[in-house]
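Secondary and tertiary structure notes
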Amino acid sequence: MATFGTLSDRLTDTFRNLRTKGKLTPADVDGTVREIRRALLDADVALAVVKDFTAKVRERALGDEVNKALNPAQQVVQIVNEELVQILGGEQRRLQFAKTAPTVIMLAGLQGSGKTTFAGKLAKQLESEGHTPLLVAADLQRPNAVNQLQVVAEQAGATVYAPEPGNGVGDPVKVSRDGVEHARRQQHDVVIIDTAGRLGVDAELMKQAADIRKAVNPDEVLFVIDAMIGQDAVNTAKAFQEGVDFTGVVLSKLDGDARGGAALSVASVTGRPIIFASTGERLEDLEPFHPDRMASRILDLGDILTLIEQAQQAFDEEEARKVAEKLANEAFTLEDFLEQLQQMKKMGSMKKMLGMLPGMGQMKQQLEDFDEREIDRTEAIIRSMTPVERRNPKILNGSRRLRIARGSGMTVTDVNQLVQRFEQAAKMMKTVARGGTPNIPGMGPVPGMGKPGASSKRGKKGKGVGGNRSRSGNPAKRAAENAGLAASTAPTGSGFGLGGGSAAPSEADLAEIQKLFGKG
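The sections below set out a description of the structure shown in this document.

Rules and cut-offs
Residue numbers run consecutively from 1 along every chain, following the written order of its sequence. Confidence filtering applies because this is a predicted model: local features only for residues at pLDDT of at least 70, side-chain atom pairs given and counted only at 80 or more, and all residues used for totals across whole chains, interfaces and linings. Neither water nor hydrogens contribute to the side-chain values; these are computed over all heavy atoms in the structure. Working definition: a ring pair exists when centres of Phe, Tyr or Trp rings (six-membered ring for Trp) sit within 6.5 Å. Plane angles under 30 degrees give stacked, over 60 give edge-to-face, the rest tilted. Per the convention used, a helix needs a DSSP run of H or I reaching at least four residues, while a strand needs a run of E reaching at least two, with both numbered from the N terminus. Between buried and exposed lies partly exposed: a residue is buried under 20% and exposed over 50% of the maximum accessible area for its type, with that area taken using a 1.4 Å probe on protein chains only. Just so you know, the count uses Lys and Arg for positive and Asp and Glu for negative, and it drops His and the chain ends. For salt bridges, the criterion is a side-chain nitrogen of Lys or Arg within 4 Å of an Asp or Glu carboxyl oxygen. Any pair of residues with heavy atoms lying within 4.5 Å of one another is described as a contacting pair. Whenever a helix is involved, its axis is fitted only over the stretch in contact; in every case the axis is a line through C-alpha atoms, and angles between N-to-C directions fall within 0 to 180 degrees. Oblique is the label for any angle not covered by the other classes, which are roughly parallel (under 35 degrees), roughly antiparallel (over 145) and roughly perpendicular (65 to 115). Take the far helix as your reference; a near helix turned counterclockwise from it by less than a right angle gives a left-handed crossing, and one turned clockwise gives a right-handed crossing. Gly is placed with the polar residues, together with every amino acid not listed as nonpolar (Ala, Val, Leu, Ile, Met, Phe, Trp, Tyr, Cys and Pro) or charged (Asp, Glu, Lys and Arg). Whether two strands pair depends on DSSP finding at least two bridges between them. Residues grouped as a nonpolar core are buried Ala, Val, Leu, Ile, Met, Phe, Trp, Tyr and Cys residues, joined through side-chain atoms within 4.5 Å. Orient the strands so they point away from the viewer; a crossover is then right-handed if the path from the first strand over the helix to the second runs clockwise. Between the first and last residue of a helix there are one fewer steps than residues, each counted as 1.5 Å, and that sum is the expected span.

1. Concerning the packing of aromatic side chains
Under the definition given, this model contains three aromatic pairs. Seen from their ring centres, Phe 118 and Phe 276 are 5.7 Å apart, and the 55° between their planes marks the pair as tilted. Of this pair, Phe 118 sits in helix H6 (residues 115–128) while Phe 276 sits in strand S7 (residues 274–278), placing them 158 residues apart in sequence. Judged by relative accessible area, which is 3%, Phe 118 ranks as buried. Here Phe 223 and Phe 246 contribute two aromatic rings whose centre-to-centre distance is 4.9 Å and whose plane-to-plane angle is 20°, an arrangement assigned as stacked. Here Phe 223 is found in strand S5 (residues 220–226), whereas its partner Phe 246 is found in the loop between helix H10 (232–243) and strand S6 (248–252), with 23 residues between them in sequence. Since its relative accessible area comes to 1%, Phe 223 is described here as buried. Every member of this aromatic cluster is reached through a ring pair, and the members are Phe 223, Phe 240 and Phe 246.

2. So, the side chain of Lys 121
As for its position among the elements, Lys 121 is in helix H6. For the buried residue Lys 121, which engages in no salt bridge, the nearest side chain bearing the opposite charge is Asp 285, 5.6 Å off. Apart from the residues lying within four places of it in its own chain, the contact partners of Lys 121 are Ser 278, Gly 280, Glu 281, Arg 282, Leu 283, Asp 285 and Leu 286.

3. Considerations on the environment of Val 80
Here Val 80 shows up in helix H5 (residues 72–87). Between the alpha carbons of Val 80 and Val 57 there is a distance of 6.3 Å; along the sequence they are 23 residues apart. Beyond its immediate chain neighbours, meaning those up to four positions away, Val 80 contacts Phe 15, Ile 36, Phe 53, Val 57 and Leu 299.

4. Comments concerning the packing of H6 against helix H7 (residues 145–156)
Here H6 crosses H7 at 25°, and the two axes come no closer than 9 Å. Classified by the angle their axes make, H6 and H7 are roughly parallel. Classified by chirality, the crossing of H7 by H6 is right-handed. Between H6, through Thr 116, Thr 117, Ala 119, Gly 120 and Lys 124, and H7, the contact on the second element is made entirely by Gln 148, Leu 149, Val 152 and Ala 156. Partitioned by chemical class, the residues of the contact of H6 with H7 number four nonpolar, four polar and one charged.

5. Regarding the side chain of Thr 32
Mapped onto the elements, Thr 32 comes out in helix H2 (residues 26–42). Look at Thr 32 and you get buried, because its relative accessible area is 8%.

6. Looking at the sheet that holds strand S4 (residues 190–194)
Read across the open sheet, the eight strands follow the order S3-S2-S4-S1-S5-S6-S7-S8; overall the sheet is mixed. Two strands close off the open sheet at either side, each with one partner strand: strand S3 (159–161) and strand S8 (286–288). On average, each strand axis in the sheet is tilted by 25° relative to the strand beside it, whichever way the strands run. Two elements, strand S1 (residues 103–108) and S4, share five bridges in a ladder whose sense is parallel. Bridge assignment links Val 104 to a residue of S4, and that residue is Val 191. Against the sheet, H7 engages strand S2 (133–137), S3 and S4, with an angle of about 165° to S2.

7. Side note on the pairing of S5
With seven of seven residues buried, S5 lies mostly within the body of the structure. What you see with S5 is no split at all: Glu 220, Leu 222, Val 224 and Asp 226 on one side and Val 221, Phe 223 and Ile 225 on the other are buried throughout. Bridge analysis of S1 against S5 gives four bridges, and the strand direction is parallel. Counted as the bridge partner of Ile 105 is Glu 220 from S5.

8. Structural notes on the nonpolar core
By size, the foremost hydrophobic cluster in this structure holds 93 residues, and its most contacted members are Phe 15, Phe 118, Ile 192 and Phe 240. The element best represented in this core is H5, accounting for eight residues. Residues Leu 334, Ile 375, Ile 404 and Val 419 belong to the second largest nonpolar core, which totals 18 residues.

9. Observations regarding the pairing of S2
Among the five residues that make up S2, five are buried, leaving the element largely enclosed by the rest of the structure. Of the two faces of S2, the one lined by Pro 133, Leu 135 and Ala 137 and the one lined by Leu 134 and Val 136 are each fully buried. Taken together, the five bridges between S2 and S4 define a ladder with parallel strand orientation. Residue Leu 135 lies in a different strand from S4, and its bridge partner there is Ile 192. Bridge count between S2 and S3: three bridges; the pairing is parallel. Note that in S3 the partner of Leu 135 across the bridge is Val 160. Chirality of the crossover, the property in question, places the unit of S2, H7 and S3 among those that are right-handed.

10. A closer look at the packing of helix H8 (residues 172–186) against helix H9 (residues 203–216)
Any two packed helices are characterised by the angle at which their axes cross and by the distance between the axes. Two elements in contact, H8 and H9, have axes separated by 9 Å at closest approach and are oriented at 25°. Taken together, the axis directions place H8 and H9 in an arrangement best described as roughly parallel. Where H8 crosses over H9, the two elements pack in a sense that is right-handed. For the pair H8 and H9, the contacting residues are Pro 172, Val 173, Ser 176, Arg 177 and Val 180 in the first and Gln 208, Asp 211, Ile 212, Ala 215 and Val 216 in the second. A class-by-class count of the residues in the contact of H8 with H9 yields six nonpolar, two polar and two charged.

11. Re H2
The terminal C-alpha atoms of H2, which comprises 17 residues, lie 24 Å apart, in line with the 24 Å expected from a rise of 1.5 Å per residue. Within the span of H2, buried status applies to Asp 28, Val 29, Gly 31, Thr 32, Val 33, Ile 36, Ala 39 and Leu 40. The first or second residue beyond H2 is Asp 44, which carries a positive phi of 80°.

12. Some points on the pattern of salt bridges
Oppositely charged side chains can form a pair if their charged atoms are brought close together. Inspection of every chain in the model, using the stated rule, returns 19 salt bridges. Linking Arg 93 and Glu 220 is a salt bridge whose minimum nitrogen-to-oxygen distance equals 2.6 Å. Residue Arg 93 is located in the loop between H5 and S1, and its partner Glu 220 is located in strand S5; the two are separated by 127 residues in the primary sequence. For the pair Arg 93 and Glu 220, one class covers both residues: buried. Residues participating in the shared-partner salt-bridge network are Lys 124, Arg 282, Glu 284 and Asp 285.

Shown next as C-alpha cells:
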C-alpha cells in the first residue's frame, strides 16, 4: 500500500539486520527499538503513540519470550506485529445496523477528505450485500456538492434524496431529518447522510454537524479522514470527537504516496475503531479495515486473506471448477484464458493484488514497472483471433499471425510471444492441476522434483525458423511473415507474452527486404 511504503521499507530493513544474529543482546534490542522509533516518527506517527509503542516493544523484546525463542529475530518481528495491531485498533469492527430500519449513517470530516466519494463507495458495497441505501445530500455549502453526490450515486446505482440545490441554499438539518423520513416511507433500510465540511475546524462546522446528529440520532457517525494530511490528522480527529463524537473512522486515499503515519495514530488517540479503508479512486476500491491484515502489509508479510476474499467475489466457483478440469485434461484454450483475464480485471489493479503477496515490498521497482495495460493488449490480440484459432493456436501460421497483429494494433512479435507464453503457462497450470510441481521457464527444474522435460527438437527436421517459411507470393507479405515466425523463437516479454524486444530478422529476410527496395 503506497501510503505506508516508506514505513514498510524502514521496518523491513531494520528486521533484516536482526536476522543475522543468533542471540539478541540488550544493545541489539535498544538499537532495533531506536530504528523503529525513527521510522515511526519519520512516517508522521504521533509522538505519544510512538513512545507508548516502542516502550512496549522494548519491554517484551527484553523478556523471556525472546530470550527463550529458537529464532529471536522472528520473535521480535512477531512482537512488533502484535503491538502494531493494537495501535490500529486491535480487532476488526463492522458497521452496526439498527434493529428497526432504517439504519442511519452520518458522515463527518473536513472538506476534501473524500466524504462524498466514500458515500458512493459505501452505497455500492451495501447494495452488493442486499441492502437498499438512500444517499441524502446534506452538504448544501460546497459548490456543486449536491451534483457530485448525484453523479457518484448514479455510478453506484443508488438512490439520492436531494430536495435542495445546494450552493449555499437550503437547511442541511431539515434535509437530513426529511431524508430519514423519506427513507422510512420508501422502505430504504440504510440512510447515508453526506454532510458539509470546511477547510479547517471551526465553530460553525461543529455546530452544524452536532445539530444534524441531534436531529437524526444516527446509528453510526463515521469520521472520514485523509490519510495524507500528516500530523494535523490527530488534532482534527480530537476536535471532531469533542464536537460531534464519531463512532468509527474511515481512512481515505490510502493509495497516495504521502507518509500517512498520522492515520495510524487516530484509532489509538481517539479510542475509536477504523472501520473502512479507501484504497483507490474506483467505487470498488473500498475494504473493511482489518488491523491484523494492515499490520501484516506494513511489515511486508502480505495479506493473503484479503486477496482470497477479492478472488472469491470476482470468480465464479462453478467456472473455476470447469477451468480446473480443462487444465487437467489439456483442453484449456485461449478462449478460456480470455474469460480468466476478464475475471481478473474485476478484482481491480494487478499491482495492488501483487502487492498483497508476502515479500513483494522487496520487488517494489518491478511492481512499479508493471504496465496494467498489458492485460488490455493481450485481450485485444485474443479478440482479433477467430474462434477456431482461439481453440487451436497451433494453426496460427505466419499469415494468420500477421492478420491478428494488424487487427489488434500490435506487432507479429507480440502475437508470437503471447502464444508462446500461453503454451508455457498452460503446461505449468496442467502440471499443478495434476498435483505436480512445474519447471519454471528460465529457472530450470525444482531440485528433487524429477528430471526436466526433454528439450524441444524443433528446427532439427526443418520445422524451425529455417524450415517453416512463408510461401506467400507477395514479397512484402512473405518477408513480414518470415520475420514474425523468426521472432516466435524469442522467449522475451515483460507481461503475458508482451512488452519484450523484437527478434532480429534472418539474413534471408534482410535480403528479401533489400530486393523490395531495389537494393538487392
